[in-house]
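Results of the structural survey
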Amino acid sequence: MKNDKHFTSRMLICAGALMAVSGLLMAICTKIAYGGIFFAAAACMFFAARNFRIKEDKEDSEENKDE
């Protein structure tokens, strides 16, 4: 994992995409409220992935600055 600095953010993006697809299917097949819950969870995952990516890029720039 040391070589792949963006692993966490990529996996959160994948989980968010799967949650968004699940939300779409839930909204179509059952009730829209259930789909909304899944979309809210997907948005949280996307925002968490964004924050992880910013932190990873910031740490990478600090490491490059020291060299």
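Data block above holds the structure.
Conventions adopted
- Residues numbered from 1 in each chain as written.
- Predicted model: local features only at pLDDT ≥ 70, side-chain atom pairs only at ≥ 80, totals over all residues.
- Heavy atoms only, no water.
- Helix = DSSP H or I, 4+ residues; strand = E, 2+ residues; numbered from the N terminus.
- Buried < 20%, exposed > 50% of the residue type's maximum accessible area, 1.4 Å probe, protein only.
- Expected span 1.5 Å × (residues − 1).
- Polar contact = N/O pair within 3.5 Å; in protein donor to acceptor, adjacent residues only side chain to side chain.
- Disulfide = S-S within 2.5 Å.
- Salt bridge = Lys/Arg side-chain N within 4 Å of Asp/Glu carboxyl O.

1. A closer look at the environment of K5
The topology assignment puts K5 in the segment before α1 (7-29). With relative accessibility at 33%, the residue K5 sits in the partly exposed group. Separated by 49 residues in the primary sequence, K5 and I54 have C-alpha atoms spaced 11 Å apart.

2. Observations concerning α1
Its 23 residues place the ends of α1 33 Å apart at the C-alpha level, agreeing with the 33 Å of an ideal helix rising 1.5 Å per residue. Here α1 has its buried residues at S9, G16 and G23.

3. Focus: the environment of K55
When you line up the elements, K55 lands in helix α2 (residues 32-66). Spatially, the C-alpha atom of K55 lies 33 Å from that of L25, the residues being 30 residues apart in sequence. Of the polar contacts made by the side chain of K55, one reaches the side chain of E59; its length is 2.8 Å.

4. A closer look at the environment of A40
Considering the arrangement of structural elements, one finds A40 in helix α2. On the accessibility criterion, A40 (42% relative accessible area) is partly exposed. Separated by 21 residues in the primary sequence, A40 and M19 place their C-alpha atoms 9.2 Å from one another.

5. Concerning the state of the cysteines
Scanning the model with the defined rule gives 0 disulfides in all. C44 provides the cysteine sulfur closest to C14, a residue in no disulfide bond, and the two sulfurs are 17 Å apart.

6. A look at the pattern of salt bridges
All told, the structure shown has 1 salt bridge when counted by the stated rule. The residue K55 makes a salt bridge to E59 at a minimum N-O spacing of 2.8 Å. Of the two residues, K55 and E59 are both situated in helix α2; the distance of 4 residues between them amounts to about one turn of the helix.

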